[in-house]
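Structural features, examined
This is what each chain is made of:
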Amino acid sequence: MTDCPCQSGNSLTDCCGPYLDNGVKPDNAEALMRARYTAHTRADIGFIIGTHHPSNRSEIDEASTKKWAAQSTWLGLDIKNVEGGQATDRQARIEFVAKYRDQNRRRHDHTEIAIFEKHNGDWFFKDAEMPKVEQFQREAPKQGRNDPCACGSGKKYKKCCGAA
């Protein structure tokens, strides 16, 4: 029994396998998201194209997508947030991180919000958005190297708590 690449904690035969190998249609958007990730790990571009929304399916470059998927080492999928996507819904938004190494062994954490939509009763990947990233703002002033140390020792920060 092999664990599913989508990291659901289930075996491949109990998770994404039926969608990829037997043509079973996922009944929710998250199941389709996981199956699409697993399809990437197998470089199963037929499944990727077949689950892309018909309105923008022609935008996929099949050859380069297959090459990229086959040359990548897939490290895991982390679902961050799911909005909608159940049997009674028409749309879903799923924020996820797909982790992989490229052909040069560089690690990537691809983060996006995948948008899914129902078409003729089946779920399809429609589009993607980049998540909004909050800018970090320091609440207290930055401790300078030559400032007195905040611990109250009377020494400069670089000679006290800032010493390496």
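Just above, that's the structure.
What counts, and where the lines are drawn
Residues numbered from 1 in each chain as written. Predicted model: local features only at pLDDT ≥ 70, side-chain atom pairs only at ≥ 80, totals over all residues. Heavy atoms only, no water. Pairing = 2+ DSSP bridges. Helix = DSSP H or I, 4+ residues; strand = E, 2+ residues; numbered from the N terminus. Axes fitted to C-alpha atoms, helices over the stretch in contact; angles between N-to-C directions. Contact = heavy atoms within 4.5 Å. Core = buried A, V, L, I, M, F, W, Y, C linked by side-chain atoms within 4.5 Å. Buried < 20%, exposed > 50% of the residue type's maximum accessible area, 1.4 Å probe, protein only. Polar contact = N/O pair within 3.5 Å; in protein donor to acceptor, adjacent residues only side chain to side chain.

On to the pairing of strand 2 (residues 91–101), then. Alignment of strand 1 (residues 73–84) against strand 2, held across ten bridges, turns out to be antiparallel. Bridge pairing in strand 2 links Trp 74 to Tyr 100. Linking two consecutive strands that pair antiparallel, namely strand 1 and strand 2, is a turn of six residues; a positive phi of about 95° is found at Gly 85 within it. Relative to strand 3 (residues 107–119), strand 2 runs antiparallel, the two being bridged by eleven bridges. Across the sheet, residue Arg 93 finds its bridge partner in strand 3, namely Ile 115. The antiparallel pairing of strand 2 with strand 3 creates a hairpin that spans five residues between the two strands, and Arg 105 there sits at a positive phi of about 70°.

This next bit is on the sheet that holds strand 3. Read from one edge of the open sheet, four strands run 1-2-3-4, paired in antiparallel fashion. Looking along the sheet, the strands with just one partner apiece sit at the ends: strand 1 and strand 4 (122–129). Geometrically, the sheet is characterised by an average inter-axis angle of 30° between neighbouring strands, direction not taken into account. In the packing of helix 2 (residues 29–42) onto the sheet, the strands contacted are strand 1, strand 2, strand 3 and strand 4, and the crossing angle to strand 1 comes to about 165°.

With that settled, the discussion passes to the nonpolar core. Of all hydrophobic cores here, the largest spans 32 residues; its most connected members are Cys 6, Cys 16, Met 33, Phe 47, Leu 77, Phe 96 and Phe 116. Elements that contribute at least two residues to this core include exactly helix 1 (17–21), helix 2, helix 3 (45–50), strand 1, strand 2, strand 3 and strand 4. In terms of residues, this core owes the most to one element, helix 2, which gives seven residues. In this structure Phe 96 touches Met 33, Leu 77, Asp 78, Ile 79, Lys 80, His 110, Thr 111, Glu 112 and Ala 114, once residues within four positions along its chain are discounted.

Before going further, it helps to spend a moment on the pairing of strand 4. Across a regular strand the side chains alternate sides, sitting on one face of the sheet and then on the other. Two strands pair when backbone bridges link them, and strand 3 and strand 4 are joined in this way by seven bridges, in the antiparallel orientation. Residue pairing across strands places Phe 116 opposite Phe 125, the latter belonging to strand 4. Turn length for the strand 3-strand 4 hairpin, with the two strands adjacent in sequence and antiparallel, is two residues, and the turn residue Asn 120 shows positive phi of about 55°.

Let's shift gears to the side chain of Thr 51. Following the sequence through the fold, Thr 51 ends up in the loop between helix 3 and helix 4 (62–71). Side-chain polar atoms of Thr 51 contact the backbone oxygen of Phe 47, separated by 2.9 Å. Only 3.3 Å separates the side chain of Thr 51 from the backbone oxygen of Ile 48, close enough to count as a polar contact. Once residues lying within four places of it in the same chain are set aside, the contact partners of Thr 51 are Leu 32, Arg 36, Phe 124 and Phe 125.

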